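# Architecture at a glance
Here is how the chains run, residue by residue.
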Amino acid sequence: MITKYNTSAVILHWLIGFLLLFLLVTGTFILSEIPNTLEKIGNFRIHMILGIVVTILSVIRIINIIKSKKPEDLQMSKLRLKLMKTNHVLIYVVVIAIGVSGILLAKTSLLGEMVFFGANHELYDSFKNFTVGKIHGFLTKVLIFLIITHILGVVSYSIKNKINITKRMWFK
């Protein structure tokens, strides 16, 4: 009987989690508050590189989940199990959608050319003027909600069942 996730799943889970936390906090509370000037290009570069890394790591994580043996399901109601699995799937779908929308935003606004190739274009006052920019921002709020519900689910299950289930997603 498998009781823990494999080492690569654990590394990917926590690495993606910490990178997402950094991206969500800096993107939502710092980058969005700084005026779009040329001085902000370095911040965009870090955000875009890490966003691409998270998107790629998430695809790798999905492949790892599909190909690896998983611990047996936790003992819970069918409804809660379905909600838990739905939450996990939605987190991955939204993370990848955020990555894709970020790439599309960089392309349509010419920001990618400025950040990575030094192109000399005018920087837009707000990326919310782009539909894909609005989508990108909305999806980040959805992801924050999904992550909070994920954490609340782990904590509530642990309290209710008096078991530390985070050990399942830790090293053997």
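Position numbers for residues count from 1 along each chain, tracking the sequence in the order it is written. Note on the predicted model: pLDDT of at least 70 is required for a residue's local features to be given, and 80 or more for side-chain atom pairs to be given and counted; whole-chain, interface and lining totals, by contrast, use all residues. Processing note: side-chain calculations cover all non-hydrogen atoms of the structure and skip hydrogens and water entirely.

Here we take up a nonpolar patch on the surface. Residues forming no salt bridge and having over 30% relative accessible area are the ones grouped into patches, like charges within 9 Å of each other and nonpolar side chains (Val, Leu, Ile, Met, Phe, Trp, Tyr) within 5 Å. Using a 1.4 Å probe, accessible areas were evaluated by the Shrake-Rupley method; residue-level cover was limited to the displayed protein chains. Criterion for a salt bridge: a side-chain nitrogen of Lys or Arg within 4 Å of a carboxyl oxygen of Asp or Glu. A cluster of nonpolar side chains, contributed by Ile49, Ile52, Val53, Ile56, Ile60, Ile103, Phe116 and Phe117, occupies part of the molecular surface with about 720 Å² of accessible area. Strands are runs of DSSP state E lasting at least two residues, helices are runs of H or I lasting at least four, and both sets are numbered from the N terminus onward. Counting residues per element, the nonpolar patch draws most heavily on helix H2 (residues 41-67), at 5 residues. Topologically, Ile52 is positioned in helix H2.

Turning to empty space enclosed by the protein, a few remarks are in order. For cavity detection a 1 Å grid was placed over the protein atoms alone, and a set of points counts as a cavity when a 1.4 Å probe fits there but cannot get out; an open set counts as a pocket when protein lies on both sides within 12 Å along at least five of seven lines, with lining residues being those that have an atom within 4 Å of a point. Grid points are joined across faces, edges and corners, and a volume is the space filled by probe spheres set on the points. If you walk through the whole model with that rule in mind, you get 1 cavity of 30 Å³ or more. Space inside the largest cavity adds up to approximately 50 Å³. For the largest cavity, the full set of lining residues is Tyr5, Asn6, Ala9, Arg61, Asn64, Ile65, Ser68, Lys69 and Lys70. Top element by residues in the lining of the largest cavity is H2. It accounts for 3 residues. Considering only residue class, the lining of the largest cavity consists of 3 nonpolar, 3 polar and 3 charged. Each residue is assigned to one class: nonpolar for Ala, Val, Leu, Ile, Met, Phe, Trp, Tyr, Cys and Pro, charged for Asp, Glu, Lys and Arg, and polar for all the others, Gly among them.

A volume near 1,400 Å³ is recorded for the largest pocket. In terms of lining, the largest pocket is formed by 46 residues, of which the most central are His13, Asn87, His88, His150 and Val154. Listing elements by their share of the lining of the largest pocket, those giving two or more residues are helix H1 (7-30), H2, helix H3 (78-108) and helix H5 (131-161). Element by element, the count of residues in the lining of the largest pocket is highest for H3, at 12 residues. Volume-wise, the second largest pocket comes out at about 1,000 Å³. Every residue lining the second largest pocket is counted, 41 residues in all, and those nearest its centre are Leu31, Phe44, His47, Leu105 and His136. Sorting the residues of the lining of the second largest pocket by element identifies H1, H2, H3, helix H4 (111-117) and H5 as the ones contributing at least two each. No other element matches the 8 residues that H3 contributes to the lining of the second largest pocket. Within the lining of the second largest pocket, the residues separate by chemical class into 19 nonpolar, 15 polar and 7 charged.

A separate point is the packing of aromatic side chains. Geometry of aromatic contacts follows a simple scheme: Phe, Tyr and Trp rings, the Trp one being its six-membered ring, pair when their centres are within 6.5 Å, and the pair is stacked under 30 degrees between planes, edge-to-face over 60, tilted otherwise. Throughout the structure, instances matching the rule amount to 5 aromatic pairs. Between the aromatic rings of Trp14 and Phe18, the centroid separation amounts to 6.2 Å while the plane-to-plane angle is 35 degrees, which identifies the pairing as tilted. Of this pair, Trp14 and Phe18 are both found in helix H1, 4 residues apart, which corresponds to roughly one turn of the helix. Per-residue accessibility, obtained with a 1.4 Å probe over protein chains only, is compared with the maximum for each type, and a residue is labelled buried under 20%, exposed over 50%, and partly exposed between these values. For Trp14, a relative accessible area of 29% puts it in the partly exposed group.

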